[in-house]
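# Residue-level structure breakdown
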Amino acid sequence: MGRKLDPTKKEKRGPGRKARKQKGAETELARFLPAVSDENSKRLSSRARKRAAKRRLGSAEAPKTNKSPEAKPLPGKLPKGAVQTVGKKGPQSLFNAAQGKKRPAPSSDEEEEEEDSEEDDVVNHGDLWGSEDDADMVDDYGADSNSEDEEEGEELLPIERAAQKQKVREAAAGVQWSEEETEDEEEVTPESGPSKEEEADGGLQINVDEEPFVLPPAGEMEQDAQTPDLQRVHKRIQDIVGILRDFGAQREEGRSRSEYLNRLKKDLATYYSYGDFLLGKLMDLFPLSELVEFLEANEVPRPITLRTNTLKTRRRDVAQALINRGVNLDPLGKWSKTGLVVYDSSVPIGATPEYLAGHYMLQGASSMLPVMALAPQEHERILDMCCAPGGKTSYMAQLMKNTGVILANDANAERLKSVVGNLHRLGVTNTVISHYDGRQFPKVVGGFDRVLLDAPCSGTGVISKDPAVKTNKDEKDILRCAHLQKELLLSAIDSVNATSKTGGYLVYCTCSIMVEENEWVVDYALKKRNVRLVPTGLDFGQEGFTRFRERRFHPSLHNARRFYPHTHNMDGFFIAKFKKFSNSVPQSQTDSVLLCRSGWAAVVQSQLIATSTFQVQLILVPQTPK
């Protein structure tokens, strides 16, 4: 029936397969440490280093080397009591003469090393396994690793053994390829490689071979207009902008600058989907390189910003609460003590418990600037003439610490509902809501210390929020807005008390970048009322225009500030701050009559001449006889 199993003599098995693969701490640590010998040399694998050592030894002792199995081993000390024997396949096995046990060897790495030694027909010496301590390598359970490997080999299926052999062959081929590559790199000398000058010449030659840009013919332009290829259009835009930067040297013979500009205007309108009117205005406003940056910035939404309500909390507490909810944010900038910019959020930022509790207000970065320029003080009477949706009103209330009185007015009753909701949520208690046309305000109530006028405009600074502005605005819309803004601004100036001890200031702002809605309106107010422009107190932003094309404005308009999306990463905005120095209204020249003597016997014509500053009634009267 076979041998009986004696449980007392049963040999204890060692750890499992995974545990055997885990080497000692020194071996594992060596993988993460740099080579001690040469830090600058290329790091080779262990087998590659062995091969390099064998090649050096072979070249030094070429006469003594013999490829027969009975050849003497390479120089290297064997452990004490070890005897060198030759197996059937050629690789040597080291036996411990004292204990009569085979020396332990690793399962996979050693097999690869043995196969490498077979390929080279050189007997491998035990550099790595030649210590005396290795002769007694027995695991914690009393079983040697060699017997474990034999049992493990028996457990493997044939297909698994074939896969292991395939891996060994692939690894050997990869090492051989890496060695050949390193040898090739060593053979390459600085003289054989191309010099930097030759490479530079080659690069210059490539640049010279590039064909210069040529304006397409009219037929191709019409075809592009019908079925535009946006990639070609974008490339043509870049080429034309590059030519216009150095027009004298790069222009095509016989082509004028106007031809390039017309082609560029059509391509920009096609690529960015702008109307001809607005694009022409923008081309007059910006240089060409800055124009493309502005158009690109309008294609990207502005960052989400929020303002901390200091009536209820502090910015650090709001930031920590939102961070705990998975919101990635940062302080808005050095210029704001209450603003935060949100990069991304795992929760809806406008529906968090903190938002519903009134701890912060979603507000654009540019809309905080007018309130900072106005700088409301405590216990003042302030008018917000166009207040909806209430962001600026609530910001003024928190700066005033709910003291004084704020009159929040808006001509749109529907928009006032959002103002009421926001003021209740934010805890504002010093504000009165009114529904009047702003042009009637001096008659309704006046005598305010400060007035904020965020006038209705064309919205050309917030195209990223409302892309419809690209095509639905024309000259009439701009002039209509400018006329309304002039009327509102005069009413706002009349509502300010020039004798106020702390105030007498007015801030005019729009979310438009058109000169007709900004500098023209301000220049008109400077001529019609006793006011002057003062610095806004904002330490960034571009200065207002004192001259634009054929127009010349008041020199103090350099105190105004312009903000653009491509330079400040906020909505386009214009801010001007007035100081009223007299409550009297200058003598209106509308009713003045200019008498012109002529040879006519009677009044022949009465004509009303309108200008940007005043109106004159021209009456022709007969010349008196001498």
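Presented here is a report on the structure given in the accompanying data block. (Residues numbered from 1 in each chain as written. Predicted model: local features only at pLDDT ≥ 70, side-chain atom pairs only at ≥ 80, totals over all residues. Heavy atoms only, no water.)

## Looking at the packing of aromatic side chains
Following the criterion strictly, the structure yields eight aromatic pairs and no others. For the ring pair Trp335 and Phe540, a centre distance of 5.5 Å and an interplane angle of 40° mean the geometry is tilted. Placement of Trp335 in the loop between strand S4 (327-331) and strand S5 (339-345) and of Phe540 in the loop between strand S12 (531-534) and strand S13 (542-543) is noted, with a sequence separation of 205 residues between them. Residue Trp335 is classed as partly exposed on the basis of its relative accessible area, which comes to 21%. Residues Phe545 and Phe548 carry aromatic rings whose centres are separated by 5.7 Å and whose planes lie at 40° to one another, so their mutual orientation is tilted. Here the aromatic residues Phe286, Phe294 and Tyr564 are joined through ring pairs into a cluster of three or more. Lys577 extends its terminal NZ or CZ atom over the ring of Tyr505, reaching a point 4.7 Å from the ring centre. (Phe/Tyr/Trp six-rings, centres within 6.5 Å; stacked < 30°, edge-to-face > 60°. Helix = DSSP H or I, 4+ residues; strand = E, 2+ residues; numbered from the N terminus. Buried < 20%, exposed > 50% of the residue type's maximum accessible area, 1.4 Å probe, protein only. Lys NZ or Arg CZ within 6 Å of the ring centre and 35° of its normal.)

## A word on the pattern of salt bridges
A complete count under the given rule lists 20 salt bridges for this structure. A salt bridge links Lys281 to Glu475; the shortest N-O distance between them is 3.8 Å. Separated by 194 residues along the polypeptide, Lys281 in helix H12 (residues 276-285) and Glu475 in helix H20 (residues 475-494) bring together distant segments of the chain. The exposure class of Glu475 is partly exposed, given its relative accessible area of 33%. Here Glu487 ties to Arg439 by a salt bridge, and the two come within 2.9 Å at their closest N and O atoms. A residue pair is termed long-range when its members are at least 10 positions apart, and Glu487 in helix H20 and Arg439 in the loop between strand S9 (431-434) and helix H19 (441-444) qualify at 48 residues. For Arg439, a relative accessible area of 40% gives the class partly exposed. (Salt bridge = Lys/Arg side-chain N within 4 Å of Asp/Glu carboxyl O.)

## Regarding the environment of His558
Looking at where His558 falls in the secondary structure, it is placed in the loop between strand S15 (551-552) and strand S16 (561-563). If we skip the residues at most four places from it in the chain, His558 touches Glu543, Gly544 and Thr546. For His558, the side chain forms a polar contact with the side chain of Asn559, separated by 3.4 Å. (Contact = heavy atoms within 4.5 Å. Polar contact = N/O pair within 3.5 Å; in protein donor to acceptor, adjacent residues only side chain to side chain.)

## Some words on the nonpolar core
Membership of the largest hydrophobic core comes to 59 residues, with the highest contact counts inside it found for Leu282, Tyr508 and Phe578. A domain-level breakdown of this core finds at least three residues from each of domain 1 (219-299) and domain 3 (366-580). Among residues more than four places away in sequence, those in contact with Tyr508 are Leu453, Ala455, Gln485, Leu489, Glu517, Val521, Val522, Phe574, Ile575, Ala576 and Phe578. Listed in part, the 32 residues of the second largest apolar core include Val341, Cys387, Ala408 and Leu452. (Core = buried A, V, L, I, M, F, W, Y, C linked by side-chain atoms within 4.5 Å. Domains from an automatic or database assignment.)

## Comments concerning the packing of H12 against helix H13 (residues 288-297)
Interaxial distance between H12 and H13 falls to 8 Å at its minimum, and their mutual angle equals 130°. By the angle class used here, H12 and H13 are oblique. H12 and H13 meet at a crossing whose hand is right-handed. Contacts between H12 and H13 pair Leu279, Leu282 and Met283 from the former with Leu288, Leu291, Phe294 and Leu295 from the latter. Split by residue class, the contact of H12 with H13 holds seven nonpolar, no polar and no charged. (Axes fitted to C-alpha atoms, helices over the stretch in contact; angles between N-to-C directions. Parallel < 35°, antiparallel > 145°, perpendicular 65-115°, else oblique. Left-handed = near helix turned anticlockwise from the far one by under 90°. Nonpolar A, V, L, I, M, F, W, Y, C, P; charged D, E, K, R; others polar.)

## Digging into the sheet that holds strand S3 (residues 304-308)
Spatial ordering of the open sheet is given by S4-S5-S3-S6, a layout of four strands whose pairing is antiparallel. Bordering the open sheet on either side are S4 and strand S6 (360-362), each of which pairs with just one other strand. In this sheet, adjacent strand axes meet at a mean angle of 35° when their direction is disregarded. Taken together, the three bridges between S3 and S6 define a ladder with antiparallel strand orientation. The residue of S6 that forms the bridge with Thr308 is Tyr360. The strands touched by helix H17 (residues 391-399) are S3 and S6; relative to S3, the strand with the most contacts, the crossing angle is about 35°. (Pairing = 2+ DSSP bridges.)

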